[in-house]
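This is what each chain is made of:
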There are 2 protein chains.
Amino acid sequence: MSKSFNDILERVKTCSTKKVAVAVAQDDALLEAVKAAKERGIADSILVGDADKITEIAATLNMNLSDYEIIDVKDITEAALTAVKLVHDGKADMYMKGLIDTKGFLKSVLDKEVGLRSGKPLSHVCVFDIKGMDHLLFLTDVAFMTYPTLEDKVAIINNTVEICHACGIDNPKVAPLAAVEVVNEKMPVTVEAAELTKMNEDGRITGCIVDGPLSYDLATCPEAAKHKGATGRKIVGDADVLLFPDIHAGNITYKALVHNSDSINGNLITGTKAPVILTSRSDSFEVKVNSLALGAVVAEAMKTNR
Amino acid sequence: MSKSFNDILERVKTCSTKKVAVAVAQDDALLEAVKAAKERGIADSILVGDADKITEIAATLNMNLSDYEIIDVKDITEAALTAVKLVHDGKADMYMKGLIDTKGFLKSVLDKEVGLRSGKPLSHVCVFDIKGMDHLLFLTDVAFMTYPTLEDKVAIINNTVEICHACGIDNPKVAPLAAVEVVNEKMPVTVEAAELTKMNEDGRITGCIVDGPLSYDLATCPEAAKHKGATGRKIVGDADVLLFPDIHAGNITYKALVHNSDSINGNLITGTKAPVILTSRSDSFEVKVNSLALGAVVAEAMKTNR
């Protein structure tokens, strides 16, 4: 079971070497991460984009390009479609965003011919390794689905549980969060959280334990759960997955943890046929490398389960 | 200008000694905080409640009860009304919750005869002193208003700006938060944030600078604001006040900061005639003492402005 990003990296070593297809690879921050992934044995890369620019940037990074497959496609849209097709065709195991805007990148992911649609709704998961916490914390959805319906939330849980399983967390504890831990008809989020809990008890949501609504402290802090006397609950400060009410609650909390806690993270788009890495330029080097490691582990699990 | 809780404590020293009226004072955690507030020169107390029980607990805390005024009222509702009346009548400067449930306590705050109604809506502010941040961060509303309307948000801003002013922050920067920093019609929160910004520009919201919508990182992290090239904004990682979309976003972020950041905090109910301290049993000793210090500073400002 992966309890930290160190564990994820150890897990990667037990997998066959994975390949990431990069869409529009002429980006220094991205190539730096791709280089580290190669050096650390996390993943090999196929760099799709402007070969001249890639070569130019690689020189500044002391990057030996003979270690990488390069496909020269200057047009951005075409480069993305070429890269995603490599994953679609099984020639690469995961797909990563380079110097292309998010909208254009997602369009390639969703392309009906060469994209990575699985029929499931797409969602986002951000995996945190927080100092002082003895396990990984999976936050969802902090970046993709805006105002998920109950049905969307079921899909988000299923997508995220699949990632947990890939990380060796067999029966993750999923906490639908709210401001409070009791159902209050005036707060629809709490009603939906209780409904998700019931769907889990009924066997309509499987592979995990759902218990909500829960406040952040009762979900993540065993001392707080104990102090407040949370009896009869399935989650007592030991949640693996935090399901957020909406993108605002998720995104604000995510960024508070990034900027104000001692933590590292990595993230993936889920619900696709293969792992998709949509880190932004402002994400740190570490986040990009962690996301690649996470992607490698998930790609291995998808291959095994196919 | 108070940039930390140390500054708040220094500011308290420049004020006349304040008195807190405690509703239902027979609670060990509360009396411990009240004792520390006395010892540190933050505030004197009038303890309203079961005198026998108060005496019993005080003995275990080595608390010299001759330093405190005690009013023996055994009935909980009556004790709260007696305590709040002391503040209403100007015999005490602030009001604090003891061993009474939140509902009953708020009922006393809102009592038409002896309560602390000011005609303004009530809201909650939590003041954070986060390690590495060079100023205090005022979070609102993370505990009281559930789904504030635009009008409610104006009231929340006004309530909070008053607290900032009391802390010597003359023209606080107020960031209405969202997942994104651009207006998106599909996200009503962003539309309202822009409207609040306009109301500030028009002079309909005064005493502060409002700039939203903003993401958490652009509001609080100067490096992130710089990195993302936030040009033409009035807030670039230097927000004093974070206005949350709703109680879920606020409460989850608040608890993430409490449990996962290196920080201390204190909080108040605002919009009342005098500062109201509604800490819960699960709040730490430090939070209670910080809240009393905050209350003392706010009480001083209210006295000056009366």
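Coordinates for the structure precede this section.
Now for a look at the structure at hand. What you are looking at is a predicted structure, and each value in this text was computed from that prediction instead of being measured.

## Quick word on the overall build of chain A
And step 1. For chain A, the count of helices and strands is 11 helices and 11 strands.
And step 2. In terms of C-alpha radius of gyration, chain A reaches 19 Å, essentially the compact-globule figure of 19 Å for 306 residues.
And step 3. In terms of overall dimensions, chain A has a C-alpha envelope of 60 × 40 × 35 Å along the principal axes.
And step 4. Taking as baseline every contact in chain A between residues at least 6 positions apart, the subset at least 24 positions apart corresponds to 69%.
And step 5. Of the roughly 12300 Å² of accessible surface on chain A, 49% is carried by carbon and sulfur atoms.
And step 6. Computed over 34 positive and 43 negative side-chain charges, the inter-centroid distance for chain A is 2 Å.

## A short note on helix 2 (residues 28-39) of chain A
Residues and elements named next belong to chain A.
And step 1. Between its first and last C-alpha, helix 2 extends 16 Å over 12 residues, near the 16 Å set by a 1.5 Å rise per residue.
And step 2. At its buried positions, helix 2 is contacted by strand 1 (18-23), strand 2 (43-49), helix 3 (51-60), strand 4 (94-97) and helix 11 (285-305).
And step 3. Between the side-chain oxygen of the N-cap and the backbone nitrogen of Ala 29 there are 3.2 Å, and the N-cap of helix 2 in question is Asp 27.
And step 4. Among the residues trailing helix 2, Gly 41 stands out with phi positive, at a value near 70°.

## A look at the packing of aromatic side chains
All names here are of chain A.
And step 1. Here the structure, examined in full by the defined rule, presents four aromatic pairs over all chains.
And step 2. Note on Phe 128 and Tyr 254: the rings are 6.1 Å apart at their centroids and 70° apart in plane angle, and the pair reads as edge-to-face. You can see Phe 128 sitting in strand 5 (residues 123-130) and its partner Tyr 254 sitting in helix 10 (residues 247-260), a full 126 residues away along the chain. Comparing Phe 128 with Tyr 254, the two get one shared label, buried.

## So, the pattern of salt bridges
And step 1. Using the criterion set out here, one finds 36 salt bridges over all chains in the structure.
And step 2. Put simply, Lys228(A) and Asp217(A) hold a salt bridge, and the shortest N to O gap is 3.0 Å. Taken together, the residues Lys228(A) in the loop between helix 9 (222-227) and strand 9 (241-243) and Asp217(A) in helix 8 (residues 216-220) connect sequence positions 11 residues apart.
And step 3. The class for Asp217(A) is buried, based on a relative accessible area of 5%.
And step 4. Of the charged contacts, one joins Lys18(B) and Glu300(B) as a salt bridge, the two residues approaching to 2.4 Å between their closest N and O atoms. Pair noted here: Lys18(B) is in strand 1 (residues 18-23) and Glu300(B) is in helix 11 (residues 285-305), with a separation of 282 residues, a long-range link.
And step 5. The class of Lys18(B) is buried, set by a relative accessible area of 1%.

## Structural notes on the interface of chain A and chain B
And step 1. Taken together, the contacts link 36 residues of chain A with 36 residues of chain B.
And step 2. Interface area, chain A with chain B, both sides summed: about 2700 Å², of which 70% is carbon and sulfur.
And step 3. When the area that chain A buries against chain B is broken down by residue, the three leading residues are His248(A), Ile252(A) and Asn260(A), summing to 24%.
And step 4. Across the chain A-chain B interface, the total number found is two salt bridges.
And step 5. Asp217(A) serves as the salt-bridge partner of Lys255(B), at 3.6 Å between the closest nitrogen and oxygen.
And step 6. Elements supplying a minimum of two residues to the side of chain A that touches chain B: helix 7 (188-201), helix 8, helix 9 and helix 10 of chain A.
And step 7. The dominant element in the side of chain A that touches chain B, judged by the number of residues it contributes, is helix 10 of chain A, at 11 residues.

## Re the packing of helix 6 (residues 150-166) of chain B against helix 7 (residues 188-201) of chain B
Residues and elements named next belong to chain B.
And step 1. Running from amino to carboxyl end, helix 6 crosses helix 7 at an angle of 55°, the nearest separation of the two axes being 11 Å. Between helix 6 and helix 7, the interaxial angle falls into the category oblique. In this structure, helix 6 crosses over helix 7, and the sense of that crossing is right-handed. Two secondary-structure elements touch here, helix 6 through Leu 150, Lys 153, Val 154 and Ile 157 and helix 7 through Glu 192, Glu 195, Leu 196 and Met 199.
And step 2. Here the residues of the contact of helix 6 with helix 7 sort into five nonpolar, no polar and three charged.

## So, the relation of the copies chain A and chain B
And step 1. Under the fitted operation, chain A is carried onto chain B by 0.0 Å of movement along the axis and a turn of 180°, and the coordinates agree to an RMSD of 0.0 Å. Expressed as an axis order, the relation between the two copies is that of a two-fold axis. In terms of C-alpha distance to the rotation axis, chain A has Ala249(A) as its closest residue, with the C-alpha 1.9 Å off the axis.

## Concerning empty space enclosed by the protein
Residues and elements named next belong to chain B.
And step 1. On inspection of all chains with the given rule, the structure shows four cavities of 30 Å³ or more.
And step 2. There is about 60 Å³ of room inside the largest cavity.
And step 3. Lining the largest cavity we find Asp 27, Ala 29, Leu 30, Lys 97, Gly 98, Thr 279, Ser 280, Arg 281 and Lys 288.
And step 4. Counted by class, the lining of the largest cavity contains two nonpolar, three polar and four charged residues.

Conventions used here
Residues numbered from 1 in each chain as written. Chains lettered and ligands numbered in written order. Predicted model: local features only at pLDDT ≥ 70, side-chain atom pairs only at ≥ 80, totals over all residues. Heavy atoms only, no water. Helix = DSSP H or I, 4+ residues; strand = E, 2+ residues; numbered from the N terminus. Rg over C-alpha atoms; globule rule 2.2 N^0.38 Å. Contact = heavy atoms within 4.5 Å. Areas by Shrake-Rupley, 256 points an atom, 1.4 Å probe, with all protein chains shown as cover. Lys, Arg positive; Asp, Glu negative; His and termini not counted. Charge placed at Lys NZ, Arg CZ, Asp CG, Glu CD. Expected span 1.5 Å × (residues − 1). Polar contact = N/O pair within 3.5 Å; in protein donor to acceptor, adjacent residues only side chain to side chain. Phe/Tyr/Trp six-rings, centres within 6.5 Å; stacked < 30°, edge-to-face > 60°. Buried < 20%, exposed > 50% of the residue type's maximum accessible area, 1.4 Å probe, protein only. Salt bridge = Lys/Arg side-chain N within 4 Å of Asp/Glu carboxyl O. Buried area = accessible area lost by both parts, 1.4 Å probe. Axes fitted to C-alpha atoms, helices over the stretch in contact; angles between N-to-C directions. Parallel < 35°, antiparallel > 145°, perpendicular 65-115°, else oblique. Left-handed = near helix turned anticlockwise from the far one by under 90°. Nonpolar A, V, L, I, M, F, W, Y, C, P; charged D, E, K, R; others polar. Least-squares fit on C-alpha atoms with pLDDT ≥ 70 in both. 1 Å grid on protein atoms, 1.4 Å probe; cavity = no way out; pocket = protein on both sides within 12 Å on 5 of 7 lines; lining within 4 Å. Points joined across faces, edges and corners; volume = space filled by probe spheres on them.

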